[in-house]
Amino acid sequence: MILFPDIPLHGVKGVLLDLDNTLYAYDEVHHVAMQACTEKFIQEYPFTTPEFFQELYNKARKRVNHELHGQGASHSRLLYFQKLFENFLGYTHFEKTLQYEALYWNTFLQTMKILPKALSFLQECYQKKIPICLVTDLTAQIQHKKIIQLNIQPYIKFMVSSEEAGVEKPHPYPFLLALEKMNLAPCDVIMIGDSEKKDKLGADLCRIQFYQVQHYDKQSHH
Ligand SMILES: [Mg+2]
């Protein structure tokens, strides 16, 4: 584990960078977004409990994660909520699926904040003219929105999402796609991320130098 300011950049021609839980603290933001969805659900179905909603959500999430394992859409909140209401109501509820997805992501985007040390790092790379390519596991549209919301688009040259790559980290392909976009070789770049299973393993498979960053001592994931 390393902190952003301590990552050596000497001789580095490009940086591959994870997004979720690397540039901002994921768990806190997810919690606030889930809170908003839980409150809406309890209002609409007053005979239920927050625990019941959480259980419904977990069940739907596990099913989607399992069925789409290794693909960007395995984290799709749209699919989570679609399945959640299918399990709860016994049919597909189109309006509620879209409403809860929008509420989740709108709350998420409004809550997320770039970690100050991560921002300093982006600025340092910018000053040193080291290009950055995000390598991130999720559907592309929401990742685009996160970049705009964090207001870091001036610092990021490229992004590879797992939706675009068709496979998720640690599969080498998203990393290779990033190298192709940057026109750089594995020995030219470093990879930075929070996850040993995804970011480190993928970088290792591609023989890319990896740095695991630490912000706080919780685990991620979507
Ligand atoms: Mg991450």
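Refer to the preceding data block for the structure.
Residues numbered from 1 in each chain as written. Predicted model: local features only at pLDDT ≥ 70, side-chain atom pairs only at ≥ 80, totals over all residues. Heavy atoms only, no water.

**Observations concerning the overall build of the protein**
Reasoning step 1: Across its full length, the protein holds 9 helices and 5 strands.
Reasoning step 2: The N-to-C order of helical and strand elements in the protein reads β-α-α-α-α-α-β-α-β-α-α-β-α-β.
Reasoning step 3: Computed over its C-alpha atoms, the radius of gyration of the protein comes to 18 Å, within 12% of the 17 Å expected for a compact globule of 222 residues.
Reasoning step 4: Dimensions of the protein, computed from the C-alpha atoms along their principal axes, are close to 60 × 30 × 30 Å.
Reasoning step 5: Long-range contacts, defined here as pairs at least 24 residues apart, represent 69% of the contacts in the protein between residues at least 6 apart.
Reasoning step 6: Of the roughly 11,300 Å² of accessible surface on the protein, 53% is carried by carbon and sulfur atoms. (Helix = DSSP H or I, 4+ residues; strand = E, 2+ residues; numbered from the N terminus. Rg over C-alpha atoms; globule rule 2.2 N^0.38 Å. Contact = heavy atoms within 4.5 Å. Areas by Shrake-Rupley, 256 points an atom, 1.4 Å probe, with all protein chains shown as cover.)

**Topic: helix H5 (residues 116-127)**
An α-helix turns once every 3.6 residues. As a result, residues three or four positions apart point the same way.
Reasoning step 1: In a regular helix each residue adds 1.5 Å, so 12 residues correspond to 16 Å; H5 covers 17 Å between its end C-alpha atoms and thus fits that length.
Reasoning step 2: On its buried side, H5 packs onto strand S1 (14-17), strand S2 (132-136) and strand S4 (189-193).
Reasoning step 3: One or two positions beyond H5, positive phi appears at Lys129, with a value near 60 degrees. (Expected span 1.5 Å × (residues − 1).)

**Here's the deal with the sheet that holds strand S3 (residues 158-161)**
Reasoning step 1: The 5 strands are arranged S3-S2-S1-S4-S5 in an open sheet whose pairing can be described as parallel. Pairing within the sheet leaves two strands with one partner each, and these edge strands are S3 and strand S5 (209-212). The average angle at which neighbouring strand axes cross in this sheet is 20 degrees, direction not considered.
Reasoning step 2: Across 4 bridges, S1 lies against S4 in parallel orientation. (Pairing = 2+ DSSP bridges. Axes fitted to C-alpha atoms, helices over the stretch in contact; angles between N-to-C directions.)

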